[in-house]
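Topology and contacts: notes
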Amino acid sequence: MNAKKIVIALGLLILSLPAMASDIESNTESNRALVIKVLQTVFINRDTSSVSTYFASNYIQHNPRIPNGPEAIPPIVSALPKEFRYEMGMVVAQGDLVMVHGRYTGWGPKPTIAVDIFRVANGKLAEHWDVLQQEVPAASSANGNPMFGTP
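Residues numbered from 1 in each chain as written. Predicted model: local features only at pLDDT ≥ 70, side-chain atom pairs only at ≥ 80, totals over all residues. Heavy atoms only, no water.

This brings us to the environment of Pro146. Among the structural elements, Pro146 can be located in the segment after strand S5 (124-134). The partly exposed category is assigned to Pro146, whose relative accessible area is 25%. For Pro146 and Glu135, which are 11 residues apart along the polypeptide, the C-alpha to C-alpha distance reads 8.7 Å. (Helix = DSSP H or I, 4+ residues; strand = E, 2+ residues; numbered from the N terminus. Buried < 20%, exposed > 50% of the residue type's maximum accessible area, 1.4 Å probe, protein only.)

Turning to the pairing of strand S2 (residues 85-94), a few remarks are in order. Pairing of S2 with strand S3 (residues 97-105) involves 8 bridges; the strand directions are antiparallel. Looking at S3, one finds that Ala93 is bridged to Val98. Between the antiparallel neighbours S2 and S3 lie 2 residues, among them Gly95 with a positive phi of about 60 degrees. (Pairing = 2+ DSSP bridges.)

Here the focus is the pairing of strand S4 (residues 112-121). Sheet topology note: the S3/S4 ladder contains 8 bridges and is antiparallel. By the bridge assignment, Val100 is partnered in S4 with Asp116. The antiparallel pairing of S3 with S4 creates a hairpin that spans 6 residues between the two strands, and Gly106 there sits at a positive phi of about 80 degrees. Taken together, the 10 bridges between S4 and S5 define a ladder with antiparallel strand orientation. By the bridge assignment, Ile113 is partnered in S5 with Gln133. Taking the residues that link successive antiparallel strands as the turn, the S4-S5 hairpin has 2 residues, and the phi of Asn122 there is positive, at about 55 degrees.

A few words now on the pattern of salt bridges. Scanning all chains against the criterion turns up 4 salt bridges. Its salt-bridge partner being Arg103, residue Glu87 comes within 3.2 Å of it at the nearest N-O pair. In this pair, Glu87 sits in strand S2 while Arg103 sits in strand S3, placing the two residues 16 residues apart along the sequence. Close ionic contact of Glu135 with Arg103 constitutes a salt bridge, the shortest N to O distance being 2.9 Å. With a gap of 32 residues between them, Glu135 in the segment after S5 and Arg103 in strand S3 connect regions that are remote in the sequence. Taken as a pair, Glu135 and Arg103 share a single burial class, namely buried. Via salt bridges that share partners, Arg85, Glu87, Arg103 and Glu135 belong to a single interconnected network. (Salt bridge = Lys/Arg side-chain N within 4 Å of Asp/Glu carboxyl O.)

What follows is about a nonpolar patch on the surface. A cluster of nonpolar side chains, contributed by Met90, Val92 and Met99, occupies part of the molecular surface with about 270 Å² of accessible area. Along the polypeptide, Met90 turns up in strand S2. Relative accessible area serves as the criterion here: at 56%, Met90 is assigned to the exposed category. (Patch = residues over 30% accessible without salt bridge, like charges linked within 9 Å, V, L, I, M, F, W, Y side chains within 5 Å. Areas by Shrake-Rupley, 256 points an atom, 1.4 Å probe, with all protein chains shown as cover.)

Here is the structure:
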């Protein structure tokens, strides 16, 4: 390839960068909205009728207690105790990854703080990881700060 063709190719690439960035930003926002909608619908409202709509058929689960596949979700939700509550905090998204900081109460003896990480593909939740930690009240922490929410 000669130098002129390389310069033209680089010029075209540079010209397309704003459109590519716009597409990534658009996907990021739609992925963020999807995860929020799924968490509200399935885990807060406990409506599992839309699991096949929101979860990929080959959904990958990294929590060692939960099997792969969307069919694992409805039994988990139906087994939640009546006093179970999920509170969604900050939501951070970049491209196909969405992270949600949340609090689970009524699921164990003490509240659990979590960061749930989802990968979105083709408009569906495709993969999930989580990091879970038992909540320590702000009054019992070394810094006096809450693990969830604002002081």
